[in-house]
Amino acid sequence: ALLCLDVLEHIPEEHMDEFFASLRDFDSKAYMLNICCKLAKQLLPDGTNPHVTVKSYGWWREKVEHFFSGDYNIDYVTNDTRVEILFRLTKKGD
């Protein structure tokens, strides 16, 4: 299994498709992706926020489905405020 916990929100949006493609190419039997959907409380020393891609639950869901829905079963777990999202992906047929 591949775990990606509190990483995706740190990747600039313009690199997101490339990152998702590389995750998919890893061809794991299972993935767990945990994503924060709000700005970080602490800033970097230069004053910027480390969460550079802060998007809605729907945006992240579309992105995950685009790259994984063909070969993976996708479960979505989120809290009521949809601040944190956990995507559980399992390879179909395994």
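Refer to the structure printed above.
What counts and what doesn't
- Residues numbered from 1 in each chain as written.
- Predicted model: local features only at pLDDT ≥ 70, side-chain atom pairs only at ≥ 80, totals over all residues.
- Heavy atoms only, no water.
- Helix = DSSP H or I, 4+ residues; strand = E, 2+ residues; numbered from the N terminus.
- Expected span 1.5 Å × (residues − 1).
- Buried < 20%, exposed > 50% of the residue type's maximum accessible area, 1.4 Å probe, protein only.
- Arc of directions from axis to C-beta.
- Phe/Tyr/Trp six-rings, centres within 6.5 Å; stacked < 30°, edge-to-face > 60°.

Colleague: Sorry if this is basic, but what is going on with helix 2 (residues 57-68) here?
Modeller: In an α-helix, one turn spans 3.6 residues, which is why side chains three or four residues apart end up on the same side. Between its terminal C-alpha atoms helix 2 stretches 16 Å, which fits the 16 Å expected from 12 residues at 1.5 Å a residue. Within helix 2 the residues assigned to the buried category are Tyr57, Trp60, Lys63, Val64, Phe67 and Phe68. Axial view of helix 2: buried residues confined to an arc of 135°, hence all on one face. Facing away from the buried surface of helix 2 by more than 90 degrees, the exposed residues are Glu62 and His66.

Colleague: I tried to follow the packing of aromatic side chains on my own but got confused; where do I start?
Modeller: Taken as a whole, this structure holds 8 aromatic pairs when the rule is applied. Geometrically, the ring pair formed by phenylalanine 20 and phenylalanine 68 is edge-to-face, given 6.4 Å between the ring centres and 70° between the ring planes. Here the residue phenylalanine 20 occupies a position in helix 1 (residues 16-26), and phenylalanine 68 occupies one in helix 2, the gap between them amounting to 48 residues. For phenylalanine 20, a relative accessible area of 0% translates into the label buried.

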